[in-house]
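Examination of the molecular architecture
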Amino acid sequence: MKRIWNLDELAEHWSLKFEETQLLKTKPTRNHQAFVAQLKYYQNTGRFPLATNDIPETPLHYLADQLEITVDQIHEYDWLGRSGTRHRKEILEFLGIRRVSAADKSAFSDWLIDNLYPHGADIEDAIESAFEWFQKHKVECPAGKELDRLVRSAYQQFELNLYEHFANCLSVESKILMGQSLDGVEGVVNFSDIKADPGRVGLDSVLKEVEKISFIRSLHLPVETFSSFNTKVLQRYRQRVNSESAWEVKQHPETIRYGLFAIFLYWRQREIIDGLIELFIQIVHRLSARAERKLVKTLLSDFQKVHGKTTLLFRIAEAALDNPNGLVKEVVYPVAGEDTLKSLLKEYKSSGPAYQQQVHKILRSSYSNHYRRMLPKILEALTFCSNNTQHRPVLDALDWLKHNQTSNQRYITLDDTIPVDGVIQPKWRDIVIEDNQGEKRINRINYEICVLQALRKRLRCKEIWVVDADRHRNPDDDLPLDFDANRENYYQDLGQTTDATAFVEQLRSEMSSALELLNREMPKNRKVRILSQGKNRISITPLAPQQEPMNLAYLKREITGRWPMTSLLDVLKEADLRIGFSDHFKTVADRENLDRQSLQQRILLCLYGMGTNTGLKRVSGSRHGISYKELLNVRRRFIHKAALRNAIGQVANAIFTARNPSIWGEGTTSCASDSKKFGSWDQNLMTEWHIRYGGRGVMIYWHVEKKSTCIYSQLKRCSSSEVAAMIEGVLRHCTDMEIDRQYVDSHGQSEVAFAFSHLLGFDLLPRLKAIASQKLYRPGDDKPGDYPNLEPILTRPINWELIIQQYDEMIKYATALKQGTADPEAILRRFTRNNIQHPTYKALAELGKVIKTIFLCRYIGSEELRQEIHEGLNVVENWNSANSFIFYGKGGEVATNRLEDQELSVLALHLLQISLVYVNTLMIQQVLNEPNWLSRMKLEDFRALTPLIYAHVNPYGLFELDMNTRLPIEVAA
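What you see is a predicted model, and the numbers here were worked out from it, not measured in a lab.

This paragraph deals with the overall build of the protein chain. Helix and strand counts for the protein chain stand at 42 helices and 17 strands. Dimensions of the protein chain, computed from C-alpha atoms along their principal axes, come out at roughly 125 × 80 × 65 Å. In the protein chain, buried positions account for 52% of the 973 residues. A separation of at least 24 residues holds for 76% of the contacts in the protein chain among residues at least 6 apart in sequence.

The strands making up a sheet are joined through hydrogen bonds of the backbone, oriented either antiparallel or parallel. Read from one edge of the open sheet, 3 strands run β2-β4-β3, paired in antiparallel fashion. In this open sheet, the two strands that pair with only one neighbour each are β2 (411–413) and β3 (433–436). For this sheet, the mean inter-axis angle between neighbouring strands, taken without regard to orientation, is 40°. Pairing between β2 and strand β4 (residues 439–443): 3 bridges, direction antiparallel. Following the sheet pairing, threonine 413 is matched in β4 by arginine 441.

Relative to the assigned elements, leucine 39 resides in helix α3 (residues 32–45). According to the relative accessible area criterion, leucine 39 is buried, its value standing at 0%. With residues near it in sequence (within four places) discarded, leucine 39 still touches Glu20, Ile91, Phe94 and Leu95.

The backbone of glutamate 68 shows a phi angle near 60°, a positive value even though the residue is not glycine. Structurally, the position occupied by glutamate 68 is in the loop between α4 (57–67) and α5 (82–95). With a relative accessible area of 74%, glutamate 68 lands in the exposed category. At lysine 138, a residue that is not glycine, the phi angle is positive and equals roughly 55°. Residue placement: lysine 138 occurs in the loop between α7 (123–136) and α8 (144–168).

Quick look at the nonpolar core now. Note on soluble globular proteins: their nonpolar side chains tend to be buried together. If you look at the biggest cluster of nonpolar residues, it comprises 163 residues, and the most contacted ones within it are Phe581, Phe585, Phe756, Leu790, Leu911 and Tyr918. When neighbours within four sequence positions are excluded, phenylalanine 585 is seen to be in contact with Arg596, Ile603, Leu607, Phe638, Ile639, Ala643, Leu644, Ala647 and Leu911.

Once that is clear, we can look at the packing of helix α31 (residues 641–658) against helix α40 (residues 899–928). Where α31 contacts α40, the axes come no closer than 10 Å and their chain directions differ by 15°. It follows from the interaxial angle that α31 and α40 lie roughly parallel. Between α31 and α40 lies a crossing whose hand is left-handed. Per-class residue counts for the contact of α31 with α40 are 16 nonpolar, 4 polar and 3 charged.

It is at 10 Å that the axes of helix α24 (residues 487–494) and helix α36 (residues 807–819) come closest, and there the two elements cross at 70°. The angle between the axes of α24 and α36 places the two elements in the roughly perpendicular class. Where α24 crosses over α36, the two elements pack in a sense that is left-handed. Within the contact between the two elements, α24 uses Arg487, Tyr490, Tyr491, Asp493 and Leu494 and α36 uses Tyr807, Asp808, Ile811, Ala814, Thr815, Lys818 and Gln819. The residue inventory of the contact of α24 with α36, partitioned by class, reads 6 nonpolar, 2 polar and 4 charged.

Within a pair of aromatic rings, the relevant descriptors are the distance that separates the centres and the angle that separates the planes. Enumeration over the complete set of coordinates arrives at 33 aromatic pairs. With a centroid separation of 5.0 Å and 80° between ring planes, the pair formed by tyrosine 77 and tryptophan 79 is classed as edge-to-face. Here phenylalanine 831 and tyrosine 841 contribute two aromatic rings whose centre-to-centre distance is 6.5 Å and whose plane-to-plane angle is 10°, an arrangement assigned as stacked. Of this pair, phenylalanine 831 sits in the loop between α37 (824–828) and α38 (839–861) while tyrosine 841 sits in helix α38, and the two are 10 residues apart along the sequence.

Turning our attention to helix α30 (residues 628–638). Those residues of α30 that fall on the buried side of the exposure criterion are Leu631, Val634, Arg635, Arg637 and Phe638. Looking at the buried residues of α30, the elements they touch are α14 (246–250), α28 (596–611), α29 (616–619), α31 and α40.

On the secondary structure map, aspartate 274 appears in helix α15 (residues 254–300). Buried and without a salt bridge, aspartate 274 has arginine 471 as its closest oppositely charged side chain, separated by 4.2 Å. Contact partners of aspartate 274, with chain neighbours within four places excluded, come to Ala469, Asp470, Arg471 and His472.

Proximity of charged atoms lets side chains of opposite charge pair with each other. Following the criterion strictly, the structure yields 56 salt bridges and no others. Where arginine 596 meets glutamate 592, a salt bridge forms, and the shortest distance between an N and an O atom there is 3.4 Å. Assessed through its relative accessible area of 28%, arginine 596 is described here as partly exposed. Given the relative accessible area of 35%, glutamate 592 is considered partly exposed. For the salt bridge of arginine 602 with glutamate 630, the shortest nitrogen-to-oxygen distance reads 3.7 Å. Placement of the pair is arginine 602 in helix α28 and glutamate 630 in helix α30, with a sequence separation of 28 residues.

The next point concerns the side chain of glutamine 774. Secondary-structure assignment places glutamine 774 in the loop between β14 (763–767) and β15 (776–778). On the accessibility criterion, glutamine 774 (13% relative accessible area) is buried. A distance of 3.0 Å separates a polar side-chain atom of glutamine 774 from the backbone oxygen of alanine 770. At a separation of 3.1 Å, a polar atom in the side chain of glutamine 774 contacts the side chain of lysine 852. Leave out the neighbours within four places in its chain, and glutamine 774 touches Ile538, Leu768, Ile793, Lys852 and Leu856.

Looking now at the pairing of strand β9 (residues 670–679). Extensive coverage of β9 is indicated by the burial of 8 of its 10 residues. Examined bridge by bridge, β9 and strand β13 (residues 741–745) share 3 bridges and lie parallel to one another. Across the sheet, the residue bridging to alanine 672 is tyrosine 743, located in β13. Looking at chain direction, β9 and strand β11 (residues 696–705) are connected through 9 bridges and run antiparallel. Bridge assignment links aspartate 674 to a residue of β11, and that residue is tryptophan 702.

With that out of the way, let us pick up the state of the cysteines. On inspection of all chains with the given rule, the structure shows 0 disulfides. Cysteine 450 forms no disulfide, and the closest cysteine sulfur to it belongs to cysteine 461, at a distance of 17 Å. Cysteine 718 takes part in no disulfide bond, and the closest cysteine sulfur to it belongs to cysteine 710, at a distance of 18 Å.

Structurally, valine 876 can be placed in helix α39 (residues 863–886). Sequence separation between valine 876 and serine 708 is 168 residues, and the spatial gap between their C-alpha atoms is 7.5 Å. When residues no more than four places from it in sequence are discounted, the contact partners of valine 876 are Ala672, Ser673, Asp674 and Val704.

Our focus in this paragraph is the environment of valine 223. Summarising the element assignment, valine 223 is placed in helix α12 (residues 223–227). Relative accessible area serves as the criterion here: at 27%, valine 223 is assigned to the partly exposed category. Valine 223 sits 288 residues away from methionine 511 along the chain, and the two C-alpha atoms are 51 Å apart. Setting aside residues no more than four positions away along its own chain, valine 223 makes contact with Tyr266 and Asp468.

Rules used in this analysis
Residues numbered from 1 in each chain as written. Predicted model: local features only at pLDDT ≥ 70, side-chain atom pairs only at ≥ 80, totals over all residues. Heavy atoms only, no water. Helix = DSSP H or I, 4+ residues; strand = E, 2+ residues; numbered from the N terminus. Buried < 20%, exposed > 50% of the residue type's maximum accessible area, 1.4 Å probe, protein only. Contact = heavy atoms within 4.5 Å. Pairing = 2+ DSSP bridges. Axes fitted to C-alpha atoms, helices over the stretch in contact; angles between N-to-C directions. Core = buried A, V, L, I, M, F, W, Y, C linked by side-chain atoms within 4.5 Å. Parallel < 35°, antiparallel > 145°, perpendicular 65-115°, else oblique. Left-handed = near helix turned anticlockwise from the far one by under 90°. Nonpolar A, V, L, I, M, F, W, Y, C, P; charged D, E, K, R; others polar. Phe/Tyr/Trp six-rings, centres within 6.5 Å; stacked < 30°, edge-to-face > 60°. Lys, Arg positive; Asp, Glu negative; His and termini not counted. Salt bridge = Lys/Arg side-chain N within 4 Å of Asp/Glu carboxyl O. Polar contact = N/O pair within 3.5 Å; in protein donor to acceptor, adjacent residues only side chain to side chain. Disulfide = S-S within 2.5 Å.

Put into structure tokens, the structure is as follows:
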């Protein structure tokens, strides 16, 4: 039951009716509150409380006020004694609740199997829903153990029905092939290869992924049957198979084996198709990029840039006109020598059409000699579609290539059957279409390259999608399918009006007010100047650095003295013993064989080995005596993404609950986000070269609130959208924190990001690196001279009509983001410069210009806002600095090529670091609860106070885990 109730909720759920108070006449006054508390608790939850602590304090006081008694009397009540038992029986009779029968239990089990479990509910969800079901049917809920037995029995029956259903959909031939895959028969794709992620970008990886898809499709899985099931249910069993070896899968009974394996293959097919598309996109990009790098390297060896070309050309022209009949050597060379003219010619070739032709020549050689083998395989393995007729020529070109893939012709006569417009870029047209004695013909290989480049461009923005894919699926499936039926509810959920005109008028008013205020305050603003000339017209005085308060250094020294060389493993253990986050780690198998205490110890060792990157082998053995194989088994069966995210959320909520407001201040709704690069192995699709930081690696995107509690983390490619990562963290974090202000750097913002942040109801506050060149848009109803102090940085008016036309579509995409019908990156992929003609993208960009203009007016006019954003982002930088201290194993490099293992390492690091923040919070509070320490603290000390300190922590040495010892921290969480 929730602990916080407002007055309206108390009046609705905890008010006593006249007939309920009449029950108290036969009972002594000392039992009145306990009796009505049990009555109202049962009415609200369908079960009885077992102790006073089960009932929230606010409802107890509300009941006491109605009875005109004090709350103290309830603490003397014997909840499990004879009086309590008799009172519960009277309450059941009063409410008309009858005893549960065998028929009721059977009906309850059928309801679970038919209505609850198919929608993704697990055992815990079923137990919570059970009370509501029995209350609705006026039946007494069974006792704890009996209810648990019913729920688990129904779950087992549901699983057996599911396995049998899918196993019966398979043919005998399919089952034989599946058995051969598990047995590792030569000529059949084996189970371990199917589980493996794509390797490094290259032709071999493409051919392997195509082979996997071909094998899965040869099984003729009932795809439509699978797609009708809840994805949460299927993913659970996919995770179970993924944690098992081929030998373990074969140990299941036949029905279970084929049912589980079929579910796993259905999901792997979607993942393999996505991986193949990513391989294709990166290969086509690599072909062009490598060709250009190779040519640039050749040119730079003998290239010399010519400066002052305009003046040089004028002098050559002047000399030639003065002496039109003279020799070049006598007229031109004295003005521009032979070496200068050679350099000028090379510079032109390196930037003009000749340069592009050389790039294409190198690209063609690489493609025709090696990568061309992938084209027929990809055309055979994937089915491309589009919802926009504008991109039909690319699909027609793919069909043409597929039908003519057996042809060996190098040149093909150009006719109407070969798509050209919308496929061949203008700069390649002369290279692809050649003139042969007055007859137009297509250079076959050059045409294929153009088709692949056009396909890559449209796949990236999802204008072309792939059948049976997941991330690259039909973009219409990313949107809520019931939007038209529930339009008003979705608008209400976003807090937006259904009237597009009213929406626009409100924004126009806010934009005009912001511009007027900035224009009025600019003459008095000593920290900002607006220049009238040049590209950079906004000049802002940098913030003055603030000195570190002296008392914080003394506080850190005190903590180091009280808890010297505290083991990081003990920090993780202490957090778990206080919070119990290890309870979230449940087995993906059908049962647990270990007792919970032994399992808890092994889970903590696994999390520590993964979070520090030292690995399971390094933390095995020692005095705890747990072997590497035992840890590996726990890691495979118990540690997965959902459990780690739930554990992180629980620790974050525990930090929020444990904080003393007099030390840390009231709860915050502000969050900052930024990414950090980690080195990683490169035989996978996740690792990329980082264009800013250099080196190959991955990015971890963190969301950290003002007092150093990280509420969400994501593993991303170096080239992935930080805007999508920012939105995902705001919407998907699983903590009690509500975010209404989000700080980001320049890479975490864009005009589309400003638009979506406004529609989703939070304030995007970026620290803009290019603030000097920013422009303010006009509201459109202003007159010349309305903003004289802003004139140098004003630009065109906003197109409000476009926003009105696309308002409903923008709300639909915002709803998709909030409801989680698709990954934010998959949705935002449609709104990039590759798809600039998309009408909704144009409207989002226009709306983003409005919100960004309002923000810039605030940012320019308020030094306090600039300082607030800077402080928020400094907290993320501090979090990033602690990453290296904790994730020190293997040189801080993510040492795996499996995507799932990479994600688990990142989440384990997150859990370990946030556990450190939790324990440090308790340590700091224990010190500051002493009057002499609290009196020393000044306002600036509390402002700069952070729990992310680690001078007193030791992550190295022997990894000893004694579950019977505790850290000497007195402050209770």
